[in-house]
Amino acid sequence: MRDLGFNLVIVPKDPNMEDFWASDYADKEMPEEYVQRLAAAKNVAAEHYVAMLRKRVEWRGKQVLLTGVLPELGALGKKKKSAMGFQIPQGSAYVGYELWRSLRIKDGDTLEVLGKRLKVVHCMFESGSKDDISLYAHLHDVQAMLGKPGRINTIQALGCMCYGERLPVLREQLDEALPEAKVSEMFALAEARSETRQMVAQYGGLILLIVLIVGTLWVAVLSFLNVREREQEIGILR
């Protein structure tokens, strides 16, 4: 369920959401420390926080979605889990499928992007999304390229798998923890996670019962076969 991806997008309080969904990034920015405040909040039903700075730029004659990604932060007080998103070292780059295919970029190449040199550590597979025209780098590298130190415009997160009205609860929690931002839910992903959880809860007990019955029968068969093979030894012992 986790690998379905992030299902929450947290942006500054007053962006134009029409422009956000059209361009895939907010036209306003917020301080990078907001992601640390969210990770430290104890009453927000979310985790796996990733701060991002996205901007559409022209590079080598192409429109590129330049994306800076900060290594993932887990919610404090919760069990540490393996990261979901990209973990990109500084000075490195992940290149979208359409970019490396059309520009003949290979792993290990060095690229100069807006005056900064980046080493290609991964050429991404075709996804059929905006990732194909994206160039990913460490957040601090992209901040330096765009002249926006300490700024981000998106935080992605993984919301709770609770039942019922998830979004109103999350918005209430976020208003308390970070009133300067607002949250939107990617409904299809959130609903898929919720339905999967409900299915597991519904059939988990039945599956466990079947496993126990099969296990008991298997132990009984092994015991019977073991006794039959040792009839002579048992007779001599008696």
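Before reading further, recall that the structure is shown in the block above.
Source: prediction; values computed, not measured.

Chemist: Before we go on, may I ask you to explain the overall build of the protein in this structure?
Modeler: Helix and strand content of the protein: seven helices and 11 strands. A total of 238 residues make up the protein; the buried ones form 38% of that total. Per element, the accessible surface of the protein, about 13900 Å² overall, is 56% carbon and sulfur.

Chemist: Hey, could you run me through the sheet that holds strand β11 (residues 181–185) in this one?
Modeler: Strand pairing in a sheet is mediated by backbone hydrogen bonds. Such pairs are either parallel or antiparallel. Taken together, the nine strands give an open sheet; going across it, the order is β6-β7-β5-β8-β4-β3-β10-β1-β11, and neighbouring strands pair in mixed fashion. Here the strands that pair on one side only, and so sit at the sheet edges, are β6 (110–113) and β11. Within the sheet, the average angular offset between the axes of one strand and its neighbour, ignoring direction, is 35°. Of the strand pairs in this sheet, strand β5 (residues 92–95) and strand β8 (residues 134–138) are connected by three bridges, and their pairing is antiparallel.

Chemist: Help me understand the side chain of Gln 156, please; the structure alone is not making it clear to me.
Modeler: With respect to the secondary-structure elements, Gln 156 resides in strand β10 (residues 154–159). Look at Gln 156 and you get buried, because its relative accessible area is 17%.

Chemist: I tried to follow a nonpolar patch on the surface on my own but got confused; where do I start?
Modeler: The grouping of Tyr 203, Leu 206, Ile 207, Leu 209, Ile 210, Val 211, Ile 213, Val 214 and Leu 217 at the surface amounts to a nonpolar patch, some 860 Å² of accessible area in total. The topology assignment puts Val 214 in helix α6 (residues 187–229). You can call Val 214 exposed: its relative accessible area is 51%.

Chemist: I would appreciate a short explanation of the pattern of salt bridges in the present structure.
Modeler: Pairing is possible between side chains that carry opposite charge, provided their charged atoms lie close to one another. Tallying each qualifying case throughout the model produces eight salt bridges. Note that Lys 13 and Asp 175 form a salt bridge whose closest N and O atoms lie 3.2 Å from each other. Of this pair, Lys 13 sits in the loop between β1 (8–12) and α1 (17–23) while Asp 175 sits in helix α5 (residues 166–177), and the two are 162 residues apart along the sequence. Judged by relative accessible area, which is 40%, Asp 175 ranks as partly exposed. We note a salt bridge from Arg 101 to Glu 98, for which the minimum N-O separation is 2.7 Å.

Chemist: Where do I start with the environment of Ala 39 in this structure?
Modeler: Position of Ala 39 relative to the elements: it lies in helix α2 (residues 33–40). For the pair Ala 39 and Ala 157, spaced 118 residues apart in sequence, the C-alpha to C-alpha distance is 10.0 Å.

Chemist: Quick question: what am I supposed to make of α2 here?
Modeler: Every α-helix carries 3.6 residues per turn, so stepping three or four residues along brings you back to the same face. What α2 keeps buried is the set Tyr 34, Val 35, Leu 38 and Ala 39. Seen end-on, α2 carries its buried residues on one side only, within an arc spanning 140°.

Chemist: What exactly am I supposed to notice about the environment of Glu 176 here?
Modeler: Looking at the secondary structure, you find Glu 176 in helix α5. Judged by relative accessible area, which is 61%, Glu 176 ranks as exposed. In the structure, Glu 176 is positioned 133 residues away from Asn 43 in sequence and 8.6 Å away in space, judged by C-alpha atoms. One polar contact links Glu 176 to Asn 43, side chain to side chain, over a distance of 3.2 Å.

Chemist: What am I meant to see in the side chain of His 138 here?
Modeler: With respect to the secondary-structure elements, His 138 resides in strand β8. Among the polar contacts made by the side chain of His 138, one reaches the main-chain amide nitrogen of His 140 at a distance of 3.1 Å. Setting aside its immediate chain neighbours within four residues, His 138 contacts Gly 68, Val 69, Leu 70, Pro 71, Ile 88, Pro 89, Gln 90 and Ser 92.

What counts and how
Residues numbered from 1 in each chain as written. Predicted model: local features only at pLDDT ≥ 70, side-chain atom pairs only at ≥ 80, totals over all residues. Heavy atoms only, no water. Helix = DSSP H or I, 4+ residues; strand = E, 2+ residues; numbered from the N terminus. Buried < 20%, exposed > 50% of the residue type's maximum accessible area, 1.4 Å probe, protein only. Areas by Shrake-Rupley, 256 points an atom, 1.4 Å probe, with all protein chains shown as cover. Pairing = 2+ DSSP bridges. Axes fitted to C-alpha atoms, helices over the stretch in contact; angles between N-to-C directions. Patch = residues over 30% accessible without salt bridge, like charges linked within 9 Å, V, L, I, M, F, W, Y side chains within 5 Å. Salt bridge = Lys/Arg side-chain N within 4 Å of Asp/Glu carboxyl O. Arc of directions from axis to C-beta. Polar contact = N/O pair within 3.5 Å; in protein donor to acceptor, adjacent residues only side chain to side chain. Contact = heavy atoms within 4.5 Å.

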